[in-house]
Amino acid sequence: MKFMHTKLPDFKKKVIEAGKKLRSETEVELVGLENMESAKLASLRVGRIEEEILEITQDPNVAKVEVTVLPQIPETIHTVVIKGVQKDGTSKKTILESMFITTPAPECYYHDSEVVDDRRVAYD
């Protein structure tokens, strides 16, 4: 399982490194994961996203890469928007990708509680 998943801090590092691989002055912005403290991401998808960032940055007019992670099916599937932005602020190219993000289940946070009062809304 170790090689099948990438830890969240490693993913953030890989995104920044991929954006700066061809030109170190390229600005890289990653948004959408600020509220996640821990998660695991499918390593194959992480590799695809790295390649797509490289594809975006191959254009010499791209000065900034914006990577936005949006919930698609919120506990598992997220959409990753990889956008190449030129110096004048216009978008050159955008790639949409899916990312599976596994976060700890609620049980991880209350496993040692004697009483659990579950007041969540039932979706029956």
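Everything below is about the structure printed above this text.
The rules we used
Residues numbered from 1 in each chain as written. Predicted model: local features only at pLDDT ≥ 70, side-chain atom pairs only at ≥ 80, totals over all residues. Heavy atoms only, no water. Pairing = 2+ DSSP bridges. Helix = DSSP H or I, 4+ residues; strand = E, 2+ residues; numbered from the N terminus. Axes fitted to C-alpha atoms, helices over the stretch in contact; angles between N-to-C directions. Contact = heavy atoms within 4.5 Å. Salt bridge = Lys/Arg side-chain N within 4 Å of Asp/Glu carboxyl O. Buried < 20%, exposed > 50% of the residue type's maximum accessible area, 1.4 Å probe, protein only. Core = buried A, V, L, I, M, F, W, Y, C linked by side-chain atoms within 4.5 Å. Parallel < 35°, antiparallel > 145°, perpendicular 65-115°, else oblique. Left-handed = near helix turned anticlockwise from the far one by under 90°.

**Q** How would you explain the sheet that holds strand 5 (residues 77-86) if you had to name every residue and give the values?
**A** The six strands are arranged 1-3-6-5-4-2 in an open sheet whose pairing can be described as mixed. Of all the strands in the sheet, the pair left with one neighbour each is strand 1 (5-7) and strand 2 (27-31). For this sheet, the mean angle separating the axes of adjacent strands, direction not counted, is 30°. As defined by bridge partners, strand 3 (residues 40-42) adjoins strand 6 (residues 91-102) across two bridges and the pair is classed as antiparallel. When the bridges of strand 6 are listed, Leu 41 appears paired with Ile 101. Together, strand 1, strand 2, strand 3, strand 4 (62-73) and strand 6 form the strand contacts of helix 1 (residues 8-20), whose direction differs from that of strand 1 by roughly 90°.

**Q** Tell me about the pattern of salt bridges, residues and numbers included.
**A** On inspection of all chains with the given rule, the structure shows eight salt bridges. Here Arg 48 and Glu 97 are joined by a salt bridge, their closest N and O atoms 3.1 Å apart. Here the residue Arg 48 occupies a position in helix 2 (residues 43-57), and Glu 97 occupies one in strand 6, the gap between them amounting to 49 residues. With relative accessibility at 42%, the residue Arg 48 sits in the partly exposed group. As a salt-bridge pair, Glu 66 and Lys 64 come within 3.6 Å of each other at their nearest N and O atoms. Overlapping salt bridges bring together Glu 27, Glu 29, Lys 64, Glu 66 and Lys 83 as one network.

**Q** Tell me about the nonpolar core, and please be specific about residues and values.
**A** Membership of the largest hydrophobic core comes to 22 residues, with the highest contact counts inside it found for Phe 11, Ile 53, Ile 82, Met 99 and Ile 101. Contributing elements (two or more residues each) for this core: helix 1, helix 2, strand 4, strand 5 and strand 6. Not counting residues within four places of it along the chain, the set of residues in contact with Met 99 comprises Phe 11, Leu 41, Ala 42, Arg 45, Val 46, Ile 49, Thr 76, Ile 77, His 78 and Val 80.

**Q** Could you give me a rundown of the packing of helix 1 against helix 2, with the residues and numbers involved?
**A** Interaxial distance between helix 1 and helix 2 falls to 8 Å at its minimum, and their mutual angle equals 25°. Put simply, helix 1 runs roughly parallel to helix 2. Where helix 1 crosses over helix 2, the two elements pack in a sense that is right-handed. Taken together, the residues of helix 2 that come into contact with helix 1 (itself represented by Phe 11, Lys 14, Val 15, Ala 18 and Gly 19) are Val 46, Ile 49, Glu 50, Ile 53, Leu 54 and Thr 57.

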